[in-house]
Amino acid sequence: MVMTLRAAALGLALLLAAPAPGMAGYIVSNTEAKAILDQGRAAEKAGRYDEARRLYRQGAELGDAESQYRLGRLYGDMPMGVVQDFPQAAMWYRKAIEKNHAAAMSSLGWLYMEGDGMPADPNEAMYLFRRAADLGEPGGTFGMAHLYRTGKGVPKDAARAQEWAAKGQPAWRKGAEAGDPRAQLFLGYSLIQGEGVAKDEAAGLAWIRKSAAQGYPPAVHALGTWHEAGIGTVLPKNEVEARRLYRIGATTGYPSSRFRLGVLLLDGRGGPKDAVEARAMVILAADQGLTEAQAGAGGLLSQGVGGPRDEVRARVYLEKAAAQENPNGMRSLAILLARGRGGPKDPGRAMALLRKRAEADDAIAQRIYANFLYEGVSGTKDEAGARLWFGKAAAAGDAEAQMWMGSLLEHGRGGPADGPAAREWFRKSAERGLPAGMYRYGQALSRGIGGPKDDRLAAEWLRKAADKGENRSFGWLGDIAKRQGDLAQARQWYGKAESAGDNYARYQLGVMVYLGQGGAVEEARGLALIRKSAEGGEKLAKEWLARAGL
């Protein structure tokens, strides 16, 4: 996963629902409710979350808005030792909102934004964020800036994001200077991004660190994302530190930290690879309702990474992610549906999911959709349609689609053959680092597809492909070496190809070994290789044996 500074917003998904010290100025219903609320706060501060929940519930049932909000937050925010229950959180937020509780508005807004415990509804999120912002709630202005920054539910509009961030600055700075970790995080983020205020990465980072030093999980996570990405010269990229911070966040139960820790563990970034722990972390985050983690858990389970393959369970997670229109979730679910893995086969729904993503300019979905059209997953092959969608994905830079376009153009599938265009797509795929693309480009150069033969350049790309595990390159490298008269080198390449199961190379190696070309004469071994190749269906081997009367 490529990280950018904007990815630092990833960990802010729950921060709008977090407590804001010094903002509890709501009228408590009676003296009894106030006493209960104070006891609940003390219990929460001491980490006795079950006790805090019990006390907040007492105050909430007496009609106290702050107790209702805090009870909702315990259910819907970080687990904090309490089983997460988004519907319960939403219920208590709504009760607090009836009494005009601004922080509850921004908290419920984020549940609608993410689709946690309810269908995602960015319009309702905007309504709640706007109400909260109008009441001076810092989370409301940050939520509005986030909507326009990300384009969720509204057209992406950097200028409007700047406007809302500028509106939030006075409250964020006031709260930050008063020690509110949430306001410190808002202010720090805006300074780093230069959103609503002059860009000052060093000052922004200092505020984030102050917030994190208070143990505020969203700030700890945000600091992790910035260490993972780096911030210019202010904060060098440091995946070891990012991993440490994510682990701290994961220990508190913060789902985004669990997910990012899982990603680093899976990739072996910032420390040793550990697919087993990675899978456990991603599943924990998925069970907390983090949509991208649900998509990730589905992928790990369906592929058997870090544990047994479990496509039935994978499909459950992917259904949840797809319901929130997560691109990875929709694509992965479509594959399972098309193949009938983990549940009933449903090619129609698979194609509909992919088409929706493809029409949203999702290059990966365009390529998978094209593959399915080419295969005839829905019952009828559509090579012309496949060529259209492969073309869109290829133009967007998808290396696999570029290789496919080269193949279709080479063979005239779905439209006229075009050798020069095929060669060009193979080149683009190769230059993007796809081993199969390197192989196909080298093959095209060696065969003279779409232009003059060029064995020197072909060998260069085929060797690159071979170094990346593309074993089909070995036999072609053997052919080139043989044409160039380097029989010893040819024999070595054919030997590697034969070991990889290349039946054509087995025949070529057999003849060279039998005749002593490029090395010692080994008639018995050579004959055995030729016979094995013939048994495998190689026509040249059969013809050789016939000519030799063997």
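Only a predicted model underlies this, so the values are computations on that prediction, with no experimental measurement involved.

Participant: When you look at the packing of helix α9 (residues 181-193) against helix α11 (residues 217-229) in this model, what are you seeing that I'm missing?
Facilitator: Two quantities define a packed helix pair, namely the angle between the axes and the distance from one axis to the other. Closest axis-to-axis distance for the α9/α11 pair is 10 Å, and the angle between their directions is 20°. Viewed along their axes, α9 and α11 adopt a mutual orientation that is roughly parallel. Both α9 and α11 take part in a crossing whose hand is left-handed. Of α11, the residues touching α9 (which contributes L185, Y189 and I192) are P218, A219, A222 and W226. Class assignment of the residues belonging to the contact of α9 with α11 gives a composition of seven nonpolar, no polar and no charged.

Participant: Would you explain the packing of aromatic side chains in this entry?
Facilitator: Any aromatic ring pair is given by two values, namely how distant the centres are and how the planes are angled relative to each other. Summed over the entire model, instances satisfying the criterion amount to 13 aromatic pairs. Aromatic pair Y189 and W226: ring centres 5.8 Å apart, planes at 40°, arrangement tilted. Of this pair, Y189 sits in helix α9 while W226 sits in helix α11, and the two are 37 residues apart along the sequence. Both residues of the pair, Y189 and W226, belong to the buried class. Taking the centre distance of 4.9 Å and the plane angle of 10° together, the rings of F390 and W404 count as stacked. Of this pair, F390 sits in helix α20 (residues 383-395) while W404 sits in helix α21 (residues 399-411); the two residues are 14 residues apart in sequence, bridging distant segments of the chain. Owing to a relative accessible area of 0%, F390 belongs among the buried residues under this scheme. Under the relative-accessibility criterion, W404 is labelled partly exposed at 23%. An aromatic cluster is built from F142, W172, F186, Y189 and W226, whose rings are joined through pairwise contacts. One residue, K392, lies across the ring of W389, its end atom 5.4 Å from the ring centre.

Participant: How should the nonpolar core be read in this particular structure?
Facilitator: Of all hydrophobic cores here, the largest spans 79 residues; its most connected members are F259, A293, L354, F372, F390, Y441 and W461. Residue contributions to this core peak at eight residues, all from helix α19 (residues 363-375). Not counting residues within four places of it along the chain, the set of residues in contact with A293 comprises F259, V282, A285 and A286. Grouped together as the second largest cluster of nonpolar side chains are 63 residues, A90, Y93, A96 and F129 included.

Participant: Explain the confidence of the model for the chain here, please?
Facilitator: The predicted structure's coordinates, where accompanied by low pLDDT, should not be read in detail. Of all residues in the chain, 93% attain a pLDDT of 70 or more, and the chain-wide mean is 91. Ignoring residues within four places in sequence, the model shows residues 1-28, a span with pLDDT below 50, making 93 contacts including any to other chains.

Participant: Quick question: what am I supposed to make of the pattern of salt bridges here?
Facilitator: Where charged atoms from two side chains of opposite charge approach closely, those side chains can pair. Under the counting rule described, the total for this entry stands at 41 salt bridges. Residue E325 pairs with K356 through a salt bridge whose shortest N-O separation is 2.6 Å. A residue pair is termed long-range when its members are at least 10 positions apart, and E325 in the loop between α16 (311-323) and α17 (327-339) and K356 in helix α18 (residues 347-359) qualify at 31 residues. Relative accessible area serves as the criterion here: at 45%, K356 is assigned to the partly exposed category. A salt bridge links R339 to E375; its shortest N-O distance comes to 2.9 Å. One end of the pair, R339, is in helix α17; the other, E375, is in helix α19, with 36 residues separating them in the sequence. We classify R339 as partly exposed; its relative accessible area is 37%. Shared partners join several salt bridges into a network, and the residues in it are E228, K237, E239, R260, D267 and R269.

Participant: Help me out: how do you make sense of the environment of L245 in this one?
Facilitator: Residue position: L245 is located in helix α12 (residues 239-251). Each C-alpha atom of the pair L245 and A212 lies 9.7 Å from the other, and the pair is 33 residues apart in sequence.

Participant: Sorry if this is basic, but what is going on with helix α5 (residues 102-114) here?
Facilitator: Each α-helix turn comprises 3.6 residues. Residues three or four places apart therefore point the same way. Between its first and last C-alpha, α5 extends 19 Å over 13 residues, near the 18 Å set by a 1.5 Å rise per residue. Where burial is concerned, most of α5 is hidden: 13 out of the 13 residues are buried.

Participant: When you look at helix α25 (residues 473-483) in this model, what are you seeing that I'm missing?
Facilitator: Counted residue by residue, α25 has nine buried out of eleven residues, so it is predominantly covered. Those residues of α25 that sit buried are S473, F474, G475, W476, L477, G478, D479, I480 and A481. Where α25 is buried, its residues contact α23 (435-447), α24 (455-467), α26 (487-499) and α27 (503-515). Immediately beyond the C-terminal end of α25, within one or two residues, lies G485, with a positive phi of roughly 85°.

What counts, and where the lines are drawn
Residues numbered from 1 in each chain as written. Predicted model: local features only at pLDDT ≥ 70, side-chain atom pairs only at ≥ 80, totals over all residues. Heavy atoms only, no water. Axes fitted to C-alpha atoms, helices over the stretch in contact; angles between N-to-C directions. Helix = DSSP H or I, 4+ residues; strand = E, 2+ residues; numbered from the N terminus. Parallel < 35°, antiparallel > 145°, perpendicular 65-115°, else oblique. Left-handed = near helix turned anticlockwise from the far one by under 90°. Contact = heavy atoms within 4.5 Å. Nonpolar A, V, L, I, M, F, W, Y, C, P; charged D, E, K, R; others polar. Phe/Tyr/Trp six-rings, centres within 6.5 Å; stacked < 30°, edge-to-face > 60°. Buried < 20%, exposed > 50% of the residue type's maximum accessible area, 1.4 Å probe, protein only. Lys NZ or Arg CZ within 6 Å of the ring centre and 35° of its normal. Core = buried A, V, L, I, M, F, W, Y, C linked by side-chain atoms within 4.5 Å. pLDDT = per-residue confidence, 0-100. Salt bridge = Lys/Arg side-chain N within 4 Å of Asp/Glu carboxyl O. Expected span 1.5 Å × (residues − 1).

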